[in-house]
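Residue-level listing of the chains:
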Protein chains: 2
Amino acid sequence: MLLYQEIRQYLFALIAKHPELKKLPSERELLEKFQSTRITVREALTRLEAEGVIYRQNRKGWFICPPRLKWDPVQKVNFGQLAQDQNFTALTQLVSFETAVAQEWLAQTFELNTASKFHNVCRVRSLDERPVMVEEIYCLASQFHDLQHKPLEDSITTIFAQDYGVNITHERSSLVVTAIPDDKADVLNVNSGALCLKIIRKRFNQHDELVDYNIEYWVHSAIEIEVDSK
Amino acid sequence: MLLYQEIRQYLFALIAKHPELKKLPSERELLEKFQSTRITVREALTRLEAEGVIYRQNRKGWFICPPRLKWDPVQKVNFGQLAQDQNFTALTQLVSFETAVAQEWLAQTFELNTASKFHNVCRVRSLDERPVMVEEIYCLASQFHDLQHKPLEDSITTIFAQDYGVNITHERSSLVVTAIPDDKADVLNVNSGALCLKIIRKRFNQHDELVDYNIEYWVHSAIEIEVDSK
DNA sequence: CAGTGGTCTAGACCACGAT
DNA sequence: TCGTGGTCTAGACCACTGG
């Protein structure tokens, strides 16, 4: 068997045997144990990372993945509630809030001209202290006046409905597997180029008007999508 | 800027400027051009691979990704039709057909005992000659007698309905990002450990009975999931 | 401060692909 | 046969983390 496969197998068995383990041995411990080099050890580690078995935090080490959050994009369930149902401690934090005139792609998405002003909310969500998702939300500044003074760590959908009388009735989501952009990797404290599931959500009101445009980057090993269809 | 980022940028621009290009320069050409080493060149290449911009075929080289197939798991659209609508030439091929008593996990999924016999159909699907998905389908041998003599390159759903009077009325899907198992990597002609989107589909009839259990492995850069929700 | 992962050099041999 | 990527060695210096 290939050496990096042997190392992978060893670590896989180690994880299975010690479910209470959180952190793996360091790369240098592993290369000594297997009389090998860092290149080979890292090949085994990145393989397990791709499989979603382990993850790294920048320069801190390699850690064992907890169970994935199961999420149904079709059901409109509150993130905090969903996490709690699955025995996670959930946390949402505001990263930044900006209001500015639209970039071209954004104006086009909303079918408006580039003079329109938009809010841009950036938030990060964690499960049991581990950041797992960062999102950008774009919505019209004229439609959501004073949004910056609302409790932006809570459900945006609820704020839209209760404070502005805007109800989301349907949405269109797109999912792709890709590498996370560097600025988002910093927020999640993952390595540059980490794998993610990128979800773009366009949400509409009953008049079929676009209310908000949402880009979510999920740490790939932290989530499992579940969809029911009739 | 980091060297591997420079190489990545160069290749990214090269691809943008020459959309007609199919294959990248070899790793050794690139390391000469950048006066670097294979480790660093491969860091740039695997980054672009994770982003879904390029892909490799085992020992053949690095290739530029064509547009992704857009697919809605909720709509029940025929694969061939969907591909044709998006200007792909689609092909489904039978890889293997076996009938055997159930392994434990399978029997449990169907809530039957391990003496039950199951069909196991393995198929591979290609877009414009590029294999993009391999799937395993499990269904009860007693329910689908002589299935091996049906046209298994066509829609299984249609065969179930027309030849056996079994109609799929609803299903439950689960999606995770992971690394593809080695036996499936061989079928798709991708490298060991390649990224994939793994979709498990349980499909039911009107009596809420499980009809088939389906595991799909999609090449991650070949697909984009689209979901509408009310 | 010592230990961690992040990046990088300069090679090597191999299996497999195209020809 | 020769070029490709797949695997591997034996180091190096750096930025950042944690005690």
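Reading the values: the criteria
Residues numbered from 1 in each chain as written. Chains lettered and ligands numbered in written order. Predicted model: local features only at pLDDT ≥ 70, side-chain atom pairs only at ≥ 80, totals over all residues. Heavy atoms only, no water. Core = buried A, V, L, I, M, F, W, Y, C linked by side-chain atoms within 4.5 Å. Buried < 20%, exposed > 50% of the residue type's maximum accessible area, 1.4 Å probe, protein only. Contact = heavy atoms within 4.5 Å. Phe/Tyr/Trp six-rings, centres within 6.5 Å; stacked < 30°, edge-to-face > 60°. Helix = DSSP H or I, 4+ residues; strand = E, 2+ residues; numbered from the N terminus. Arc of directions from axis to C-beta. Least-squares fit on C-alpha atoms with pLDDT ≥ 70 in both. Pairing = 2+ DSSP bridges. Near = heavy atom within 4 Å. Polar contact = N/O pair within 3.5 Å; in protein donor to acceptor, adjacent residues only side chain to side chain. Nonpolar A, V, L, I, M, F, W, Y, C, P; charged D, E, K, R; others polar. Domains from an automatic or database assignment. Buried area = accessible area lost by both parts, 1.4 Å probe. Axes fitted to C-alpha atoms, helices over the stretch in contact; angles between N-to-C directions.

As annotated in an unreviewed UniProt entry, chain A carries the name Phosphonate utilization transcriptional regulator PhnR and comes from Thalassotalea marina.

A. Region of interest: the nonpolar core. Leu197, Trp218 and Ile225 of chain A together with Leu197, Trp218 and Ile225 of chain B are the most contacted members of the largest nonpolar core, which totals 82 residues. Leaving out residues up to four positions away in the same chain, Ile225 of chain B has contacts with Ser173, Ser174 and Leu175 of chain A together with Trp71, Pro73, Leu175, Leu197 and Ile199 of chain B.

B. Representation of the packing of aromatic side chains in the model. Tallied over the entire structure, the rule returns 18 aromatic pairs over all chains. Centroid distance Tyr10 of chain A to Phe34 of chain A: 5.4 Å. Interplanar angle 70°. Geometry classified as edge-to-face. Here Tyr10 of chain A, found in helix α1 (residues 3-17), pairs with Phe34 of chain A, found in the loop between α2 (27-33) and α3 (38-51); they are 24 residues apart in sequence, far enough to count as distant. Ring geometry for Phe79 of chain B and Trp218 of chain B: centres 6.4 Å apart, planes at 55°, overall tilted.

C. View of helix α6 (residues 156-164) of chain A. All names here are of chain A. Residues of α6 that are buried: Ile156, Ile159, Phe160 and Tyr164. Each buried residue of α6 lies within a common arc of 100° when the element is viewed along its axis, so the set occupies one face. Against the buried residues of α6 lie β5 (117-127), β6 (130-140), β8 (195-204) and β9 (210-219). Just downstream of α6 lies Gly165, where phi reads positive at about 65°.

D. Just the relation of the copies chain B and chain A, in detail. Relative to chain A, chain B is turned by 180° and slid 0.0 Å along the rotation axis, the superposed coordinates differing by an RMSD of 0.0 Å. Both copies are brought into coincidence by an operation consistent with a two-fold rotation axis. Taking the C-alpha atom as reference, chain B places Val177 of chain B closest to the rotation axis, 3.7 Å from it.

E. Geometry of the pairing of strand β6 (residues 130-140) of chain B. Residues and elements named next belong to chain B. With respect to burial, β6 is a largely interior element, 11 of its 11 residues being buried. Pairing geometry for strand β5 (residues 117-127) and β6, over 10 bridges, is antiparallel. Bridged to Arg123 within β6 is Glu135. Across seven bridges, β6 lies against strand β9 (residues 210-219) in antiparallel orientation.

F. Looking closely at the environment of Glu129 of chain A. Tracing the sequence through the fold places Glu129 of chain A in the loop between β5 and β6. As for Glu129 of chain A and Pro25 of chain A, which are separated by 104 residues in sequence, their C-alpha atoms are 21 Å apart.

G. Representation of the protein's contact with DNA strand C in the model. Near DNA strand C you find 22 residues, and of these Arg28, Arg38 and Arg59 of chain A together with Leu3 and Ser36 of chain B are the closest. In DNA strand C, atoms within 4 Å of the protein come from the sugar-phosphate backbone in 64% of cases. Here Tyr4 of chain B contributes a side-chain N or O atom positioned 2.9 Å from a phosphate oxygen of DNA strand C. Secondary-structure elements contributing two or more residues to the surface near DNA strand C are α2, α3 and β2 (61-64) of chain A together with α1 (3-17) and α3 (38-51) of chain B. Residues that form the surface near DNA strand C fall into these classes: five nonpolar, seven polar and 10 charged.

H. Geometry of the protein's contact with DNA strand D. Neighbouring residues of DNA strand D: 23 residues in total, closest Leu3 and Ser36 of chain A together with Arg28, Arg38 and Arg59 of chain B. Sugar plus phosphate: this is where 63% of the atoms of DNA strand D within 4 Å of the protein reside. Tyr4 of chain A places a side-chain nitrogen or oxygen 2.9 Å from a phosphate oxygen of DNA strand D. Here a base nitrogen of DNA strand D and a side-chain polar atom of Arg38 of chain A are 3.5 Å apart. Contributions of two or more residues to the surface near DNA strand D are made by α1 and α3 of chain A together with α2 (27-33), α3 and β2 (61-64) of chain B.

I. Structural detail: the domain arrangement of chain A. All names here are of chain A. Split by domain assignment, chain A resolves into domain 1 (3-64) and domain 2 (69-225). Taking only C-alpha atoms, the centre of domain 1 and the centre of domain 2 are 33 Å apart. On the domain 2 side, the residues contacting the eight residues of domain 1 number seven residues. Each partner contributes to the roughly 720 Å² buried at the junction of domain 1 and domain 2, and carbon and sulfur atoms together form 43% of this total. When the area that domain 1 buries against domain 2 is broken down by residue, the three leading residues are Tyr55, Arg56 and Asn58, summing to 56%.

J. Region of interest: the sheet that holds strand β10 (residues 223-229) of chain A. One open sheet holds the eight strands; their spatial order is β3(A)-β10(A)-β7(B)-β8(B)-β9(B)-β6(B)-β5(B)-β4(B), and the pairing between them is mixed. Pairing within the sheet leaves two strands with one partner each, and these edge strands are β3 (69-71) of chain A together with β4 (90-101) of chain B. Ignoring strand direction, the axes of neighbouring strands in this sheet form an average angle of 20°. Sheet strands in contact with α3 of chain A are β7 (170-179) and β8 (195-204) of chain B, and its direction is about 165° off that of β7 of chain B.

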